[in-house]
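Secondary and tertiary structure notes
Each chain is listed here by its residues.
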Amino acid sequence: MDFSLSEEQRLLKTTVRQFAESELLPHSREWDEKQDFPREVFSKLGEMGLMGVVWPTEYGGSGMNTLDYAIVMEELSRVDAGVALSLAAHNSLCSGHIFLAGNEEQKKKYLTPLAKGEKVGCWGLTENSAGSDAGGTRTSAVRDGSHWVLNGSKTFITNGRIADTAVVMAVTDKAKGKKGISAFIVERGTPGFRAGKKEDKLGVRSSDTSELVFEDCRVPAGNLLGREGYGFIDTLRILDRGRIGIAAFSLGIAQAALEASMKYATDRKQFGHAIAEFQAIQFKIADMATQVAAARLLTWRAASLRDSGQEHTVESSMAKLFASEISVQVALEAIQIHGGYGYVKDYPVERYLRDSKLGTIGEGTSEVQRLVIARELLQLRGMVR
Ligand SMILES: Cc1cc2nc3c(=O)[nH]c(=O)nc-3n(C[C@H](O)[C@H](O)[C@H](O)COP(=O)(O)OP(=O)(O)OC[C@H]3O[C@@H](n4cnc5c(N)ncnc54)[C@H](O)[C@@H]3O)c2cc1C
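A brief report on the enclosed structure follows. (Residues numbered from 1 in each chain as written. Predicted model: local features only at pLDDT ≥ 70, side-chain atom pairs only at ≥ 80, totals over all residues. Heavy atoms only, no water.)

Tallying secondary structure elements over the protein gives eleven helices and ten strands in all. Here the C-alpha atoms of the protein give a radius of gyration of 21 Å, agreeing with the 21 Å that 2.2 N^0.38 yields for 385 residues. Over its C-alpha atoms, taken along the principal directions, the protein stretches across nearly 80 × 45 × 40 Å. Counting over 385 residues, the protein shows a buried share of 55%. Nonlocal contacts in the protein, meaning residues at least 24 apart in sequence, comprise 75% of its contacts between residues at least 6 apart. For the protein, the exposed surface amounts to about 16,700 Å²; the carbon and sulfur share of it is 53%. Within the protein, the 49 negative side-chain charges are centred at a point lying 3 Å from the centre of the 48 positive side-chain charges. (Helix = DSSP H or I, 4+ residues; strand = E, 2+ residues; numbered from the N terminus. Rg over C-alpha atoms; globule rule 2.2 N^0.38 Å. Buried < 20%, exposed > 50% of the residue type's maximum accessible area, 1.4 Å probe, protein only. Contact = heavy atoms within 4.5 Å. Areas by Shrake-Rupley, 256 points an atom, 1.4 Å probe, with all protein chains shown as cover. Lys, Arg positive; Asp, Glu negative; His and termini not counted. Charge placed at Lys NZ, Arg CZ, Asp CG, Glu CD.)

This is the structure in structure tokens:
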């Protein structure tokens with residue numbers, strides 16, 4: 001078992017770190033407060049090939065693998081988790097669905113500009129009454145001649161107000177339950193499609209999160225994505241990679257919290273000593289570093305399994321579950337190590353705690369990850385979601 005990164009991967013890690021520290025770090029506090037980051041950040045990520053990390057070069061992507069993607073996500077999230085989350089929704093979810101289920105024409109027309117960073121994508125599954133139980137989707141799509149007519153709304157959609165291309169799930173055959181849900185590509189500007197309320201969030205505030213609203217929205221029949229009735233089935237496969245991205249997102253925040261804590265513990269003096277000299281602080285740092293290392297191994301294992309074409313549903317969920325839970329714990333301990341300074345905005349650790357919590361909720365809560373892991377291990381498919 002080889003745990004080392006290749007020369008190219010080390011270079012990728014350094015390059016993304018330098019980009020994040022020079023282009024994101026100076027603005028992250030302001031973006032957190034404003035709940036926004038400029039559109040040109042996406043263009044810069046596109047110029048670096050990060051808007052389509054894993055897609056083949058023939059579709060404008062960088063042709064890298066899932067481990068490379070995990071490295072990119074960790075490094076961006078280490079500096080600005082909101083930017084990383086927006087990239088994840090664009091990459092793994094929207095572009096991922098088009099790559100998995102799209103026909104050649106759809107890939108050329110929609111995936112290529114997304115992968116190049118010319119366009120921004122979002123992906124709409126969640127509704128106000130269908131969260132963990134996404135099979136309870138109510139947004140409907142009714143065939144009318146050469147079009148589908150969409151009605152309904154989506155909730156908590158990352159990049160909802162800024163995306164040019166949306167992939168949305170809608171019910172095409174109510175009688176078939178989960179097997180009656182299909183995916184559609186909807187372009188911004190399509191009559192009857194608009195973004196709704198922008199959410200005012202606890203964390204990942206630089207990332208846009210809003211509703212999507214469909215009112216008699218007529219979508220060309222050619223924008224059905226994948227086979228009719230396969231929207232939910234394809235979603236489960238898309239989330240296998242998505243969860244590796246959220247694991248890496250959580251890992252990046254935990255890494256940042258660890259680094260900030262080590263620096264602060266060395267600088268801060270009380271009772272005539274750096275607080276790093278007190279065993280109580282040393283034990284915290286040791287536990288935090290061990291948790292971060294374990295989360296990285298789980299994340300890289302899931303990515304490596306995917307890259308070698310092996311089954312990885314359980315491993316993706318384990319990585320996401322563990323990395324997101326330890327990320328919250330590590331961020332909490334980072335605040336404790338900073339004392340009162342951890343509780344105020346002059347230091348970034350309070351933001352790390354707020355940002356880390358999203359990892360335990362997005363792309364399936366921690367409870368849902370446990371259901372997935374248990375279902376797969378106990379072979380209970382069909383008994384629990
Ligand atoms: C910032 C942010 C960005 C997001 N981005 C997107 C996006 O881009 N696209 C998208 O489609 N969605 C997105 N989401 C939605 C996200 O995936 C959902 O919030 C998540 O799946 C949980 O759904 P819910 O919020 O409705 O919670 P609920 O499903 O109502 O869950 C509430 C609680 O009940 C628990 N629970 C539910 N069912 C069970 C069960 N069977 N057993 C045990 N416990 C259970 C949950 O774990 C949770 O603790 C985003 C959410 C946030 C906050």
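A grouping of Tyr341, Tyr343, Val344 and Tyr347 is seen on the molecular surface, where their side chains present a nonpolar patch of about 430 Å² in accessible area. Along the polypeptide, Tyr343 turns up in the loop between α9 (313-338) and α10 (349-356). Judged by its relative accessible area of 71%, Tyr343 is exposed. (Patch = residues over 30% accessible without salt bridge, like charges linked within 9 Å, V, L, I, M, F, W, Y side chains within 5 Å. Salt bridge = Lys/Arg side-chain N within 4 Å of Asp/Glu carboxyl O.)

Around the ligand, a shell composed of 17 residues is seen, among which Thr126, Ser132, Phe156, Thr365 and Glu367 lie nearest. Backbone polar atom of Leu125 to an oxygen atom of the ligand: 2.9 Å apart, as the coordinates give it. Take Thr126: an N or O atom from its side chain is 2.7 Å from a nitrogen atom of the ligand. Considering the ligand on its own, with 980 Å² of exposed area, one finds that the protein chains cover 64% of that surface. Mapped by element, the contributors of at least two residues to the shell around the ligand are β1 (121-124), β3 (147-158) and α11 (366-378). Considering every element that reaches the shell around the ligand, the biggest residue donor is β3, with three residues. (Near = heavy atom within 4 Å. Polar contact = N/O pair within 3.5 Å; in protein donor to acceptor, adjacent residues only side chain to side chain.)

Our next topic: the pattern of salt bridges. Taken as a whole and assessed by the stated rule, the structure comprises 28 salt bridges. Here Arg78 ties to Glu259 by a salt bridge, and the two come within 2.9 Å at their closest N and O atoms. One end of the pair, Arg78, is in helix α4 (residues 66-79); the other, Glu259, is in helix α7 (residues 231-267), with 181 residues separating them in the sequence. Its relative accessible area of 25% is what places Glu259 among the partly exposed residues. Asp208 is the salt-bridge partner of Lys198, the closest N and O atoms lying 3.7 Å from each other. With a gap of ten residues between them, Lys198 in strand β6 (residues 193-198) and Asp208 in the loop between β6 and β7 (209-220) connect regions that are remote in the sequence. Owing to a relative accessible area of 32%, Lys198 belongs among the partly exposed residues under this scheme. Salt bridges here are not isolated pairs; linked through shared partners, they connect Lys13, Arg17, Glu74, Glu75 and Arg296.

A positive phi is found at Phe156, a non-glycine position, where the angle reads about 60°. Relative to the helices and strands, Phe156 is located in strand β3. The phi dihedral of Glu363 is positive, around 55°, even though this residue is not glycine. If you trace the backbone, Glu363 turns up in the loop between α10 and α11.

Below, the discussion takes up the pairing of strand β4 (residues 165-171). In terms of residue burial, β4 counts as a mostly covered element, since seven of its seven residues are buried. Of the two faces of β4, the one lined by Thr165, Val167, Met169 and Val171 and the one lined by Ala166, Val168 and Ala170 are each fully buried. Pairing of β1 with β4 involves four bridges; the strand directions are parallel. Bridging from a neighbouring strand, Gly121 pairs with Thr165 of β4. (Pairing = 2+ DSSP bridges.)

Here the focus is the environment of Lys13. Tracing the chain through its elements places Lys13 in helix α1 (residues 7-24). As for Lys13 and Ser95, which are separated by 82 residues in sequence, their C-alpha atoms are 22 Å apart. In contact with Lys13, not counting residues within four places along its chain, are Leu5, Ile71, Glu74 and Glu75.

This next bit is on the side chain of Arg375. Note on placement: Arg375 falls in helix α11. Look at Arg375 and you get buried, because its relative accessible area is 14%. Of note is the side chain of Arg375, whose polar atom sits 3.2 Å from the side chain of Glu376.

What follows deals with the packing of α4 against α7. For any two helices packed against each other, the geometry comes down to the angle between their axes and how far apart the axes lie. Packing of α4 against α7 brings their axes to within 7 Å, and their N-to-C directions diverge by 40°. Considered as vectors, α4 and α7 are oriented oblique to each other. Between α4 and α7 the crossing geometry is right-handed. For the pair α4 and α7, the contacting residues are Thr66, Tyr69, Ala70, Met73, Glu74, Ser77 and Arg78 in the first and Arg241, Ile244, Gly245, Ala248, Phe249, Leu251, Gly252, Ile253, Gln255, Ala256 and Glu259 in the second. Class assignment for the residues of the contact of α4 with α7 results in nine nonpolar, five polar and four charged. (Axes fitted to C-alpha atoms, helices over the stretch in contact; angles between N-to-C directions. Parallel < 35°, antiparallel > 145°, perpendicular 65-115°, else oblique. Left-handed = near helix turned anticlockwise from the far one by under 90°. Nonpolar A, V, L, I, M, F, W, Y, C, P; charged D, E, K, R; others polar.)

Attention now goes to the environment of Gln35. Inspection of the secondary structure puts Gln35 in the loop between α2 (28-34) and α3 (40-47). Given the relative accessible area of 10%, Gln35 is considered buried. Along the primary structure Gln35 and Lys201 are separated by 166 residues, whereas in three dimensions their C-alpha atoms are 8.3 Å apart. Discounting chain neighbours no more than four positions away, the residues touching Gln35 are Lys198, Glu199, Asp200, Lys201, Arg205 and Ser206. A distance of 3.3 Å separates the side chain of Gln35 from the backbone nitrogen of Lys201, its partner in a polar contact.

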